[in-house]
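Analysis of the macromolecular model
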Amino acid sequence: MGRLSFVFQLSLLLLLCSCSAYGADVYTKEVLTADLRYLAKTIEESHPDPYGGSGGKIAFHRKVYDLLVGIPQKGMNREDFYEHIRPLVASVKDGHTALHPTKSSNDRDGHLPIRFSIVDEGLYVSSVAREKLRPFLGARLLTLNGISTKEMLNKLSDRVGFDNIYHALDGLGKTLCSRNKTYRLLPSQKMKAYAELELLGPNEKSVGSRLYYSAEHTKNWLTPKSKLELPGHQKSDFAFSFMGPQKNVAFLSLLSMTGYREQLEFYRAVGRPWQDSARKAYLRFHGKAPPDNADATLAGTPALSEIFVNLAKKMKLNSATALIVDLRNNHGGFSLATMIFLHVFAGVHKLPLMNVGYQINRYSKLYFDNNKRLTLPKINKGRSFPLNMGDYDFSGIAAFEAGLLPKGEELMERATKLVPTYAKLTKTIGKGPLFEPSSLYVLTSAATYSSGFDLALTISRLGGRTVGTPSAQAGNCFINSLSFELPHSKIGGTISSKYSVKFPGAADGGKVHQPDQVVTYEDLFRNQFDPHTSLSLVLRELQ
């Protein structure tokens, strides 16, 4: 038994060494080579256009080759390998195709005591960690460690895929707040305990400042004071209130498109992971642990159908004249929220507004791994020409070109078969609308992304007025993220499976959707850099 135990332990040790050459965090060249090949193969087999951003198939494989050759003989740790392979993923030029950040021990060694936001295609200081830093609020970033914003954006675009300039600025603002991420972006610079910033103040005077990185976690960031009070989000990402002297302006804040019951029901129906999200949503909503029964947990999560119906009823009661939808920090999730919003506030006949344009889906092994209850036979049911694994579904563009987009009733019926809570809504209010606002506004920022952008665009097409900063989401882009994980290093990420065209024939490629009123630096200055300047502009317009 002793000899058998020794042989087993030795075999286990050798197996571990195949993933770790000389330390728990160091992987051998062989396993990292396998991971990189797996990544390239998965992108090629799953993404609708894996070569378009890199300049073609040869250019894509040249990048793969260079990265394979660049793996050192001694291997790499997980964080270094993550940085090494980022350029391959970035070459796809797609914001939804990305690697999940690794948890770096170096992240503990410092963050800047300021945060940036976007205005006029640049960054400005929007919040600070300490009272003595308040004078920095409103100052625009010119350089960091002597490098201009433009140059840093160019460097970052080689490491991350972006949809447009606002997406890139959002990524740069987050990167520069982290010491580790900044020096990963600027590897030629010697890492220091501080950053040298050149800022342009509201007085149009340039000032240099040395800010030290801090390992302390800032819970409450300081911003310019606002006269406006917004509803809290303690229980969920969905809240509303009423504003204005007569409390006749409804304000709906949606921080995300995740964690609501209808989304979780749909994920359950198609075989996507949902139970962990349901438990978290239940715990947050009720302030107590969810029941052991999965059905009971799901039933106890917040439902957008119920929230929107409640809002519509109170708008009637308050004789509300306008509805403002705040999507400024909505990074997306699942776009069924847009359908529910339209049903309640515009009616089923307006549902086709969600589908202006077309989408081209690609069916891959990764697609079916992420949607376990969907199969090719199910997708091919009723088709005259069946699709194979890896094929593209052009039925959407064919229908668009023929003017055969699905009607509102068809879209409603499809959703009711998969989402019981939405089916209940259709029985409660019929085809709607329950309440139709006379004035409709939507607030956006660069952080308005994915399905958050979908709702903002749909509200615009409904006749609503958009106020804020352009979204980081392009109207014509790749969407529908599929999750993957590299087999050895366990680095995770997402790859798009759809090409979505919201603006067919757009001269600019549909990269930037401009709001009806863009919030400028002058607007911020006049409002003393109030973080809710866009909301203030709308309320003044309504008055």
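An account of the accompanying structure is given in this report. (Residues numbered from 1 in each chain as written. Predicted model: local features only at pLDDT ≥ 70, side-chain atom pairs only at ≥ 80, totals over all residues. Heavy atoms only, no water.)

Notes on the overall build of the protein chain
Looking only at helices and strands, one finds 20 helices and 19 strands in the protein chain. Over its C-alpha trace the protein chain gives a radius of gyration of 25 Å, about what one expects of a compact globule, namely 24 Å for 543 residues. With the C-alpha coordinates aligned to their principal axes, the bounding extent of the protein chain is approximately 80 × 65 × 55 Å. Evaluated residue by residue, the protein chain yields a buried proportion of 53% over its 543 residues. Expressed as a percentage of contacts within the protein chain between residues at least 6 apart in sequence, the contacts between residues at least 24 apart total 71%. Accessible surface, the protein chain: about 26100 Å² in total, of which carbon and sulfur atoms supply 54%. (Helix = DSSP H or I, 4+ residues; strand = E, 2+ residues; numbered from the N terminus. Rg over C-alpha atoms; globule rule 2.2 N^0.38 Å. Buried < 20%, exposed > 50% of the residue type's maximum accessible area, 1.4 Å probe, protein only. Contact = heavy atoms within 4.5 Å. Areas by Shrake-Rupley, 256 points an atom, 1.4 Å probe, with all protein chains shown as cover.)

With respect to the sheet that holds strand β16 (residues 465-468)
Ordered in space as β10-β11-β12-β15-β16-β19, the 6 strands form an open sheet in which the pairing is mixed. The open sheet terminates on both sides in strands that have one partner only, identified here as β10 (238-243) and β19 (517-518). Examined bridge by bridge, β10 and strand β11 (residues 249-254) share 6 bridges and lie antiparallel to one another. For Phe-238, the partnering residue across the bridge sits in β11 and is Leu-254. Running at roughly 10° to β10, helix α11 (residues 304-317) makes contact with β10, β11 and β12 (322-326) of the sheet. (Pairing = 2+ DSSP bridges. Axes fitted to C-alpha atoms, helices over the stretch in contact; angles between N-to-C directions.)

With respect to the environment of Leu-199
Relative to the helices and strands, Leu-199 resides in strand β8 (residues 194-200). In sequence terms Leu-199 and Thr-143 are 56 residues apart; their C-alpha atoms lie 7.2 Å from each other.

Brief notes about the pattern of salt bridges
The full count for this structure, using the stated rule, is 22 salt bridges. Note that Glu-45 and Lys-41 form a salt bridge whose closest N and O atoms lie 2.9 Å from each other. In this pair, Glu-45 and Lys-41 both sit in helix α2 (residues 29-46), 4 residues apart, roughly one turn of the helix. Residue class for Glu-45 comes out partly exposed when judged on its relative accessible area of 36%. Through salt bridges with shared partners, one network takes in Glu-79, Asp-80 and Arg-184. (Salt bridge = Lys/Arg side-chain N within 4 Å of Asp/Glu carboxyl O.)

Regarding the packing of aromatic side chains
Here the structure, examined in full by the defined rule, presents 18 aromatic pairs. Taken together, a centroid distance of 6.0 Å and an interplanar angle of 25° make the contact between Tyr-392 and Phe-394 stacked. On the basis of relative accessible area, Tyr-392 is assigned to the partly exposed category, the value being 27%. One aromatic cluster is present, formed by Tyr-124, Tyr-521, Phe-525 and Phe-529 through successive ring pairs. Sitting above the plane of the Tyr-521 ring, Arg-140 keeps its charged end 3.7 Å from the centroid. (Phe/Tyr/Trp six-rings, centres within 6.5 Å; stacked < 30°, edge-to-face > 60°. Lys NZ or Arg CZ within 6 Å of the ring centre and 35° of its normal.)

A few points about the side chain of Ser-256
In this fold, Ser-256 is placed in the loop between β11 and α8 (261-270). Only 3.1 Å separates the side chain of Ser-256 from the side chain of Thr-258, close enough to count as a polar contact. Excluding anything up to four places from it in sequence, Ser-256 contacts Asp-237, Phe-238, Asn-330 and Gly-332. (Polar contact = N/O pair within 3.5 Å; in protein donor to acceptor, adjacent residues only side chain to side chain.)

Observations concerning the pairing of strand β15 (residues 439-444)
Here β15 lies mainly inside the structure; 5 of its 6 residues are buried. The sheet contact formed by β12 and β15 spans 5 bridges and is parallel. Looking at β15, one finds that Ile-324 is bridged to Tyr-441. Where β15 lies against β16, 4 bridges are found, and the strand directions are parallel. Along β16, the bridge assignment pairs Val-442 with Thr-466.

Points about the side chain of Ser-496
Structurally, Ser-496 is set in strand β18 (residues 492-501). There is a polar contact of 2.7 Å between the side chain of Ser-496 and the side chain of Asp-94. With residues up to four places along the chain from it excluded, the contact list for Ser-496 reads Ser-46, His-47, Pro-48, Asp-94, His-96, Thr-97, Phe-478, Ile-479 and Asn-480.

From the geometry alone we can't say anything about function, so treat these as descriptive.
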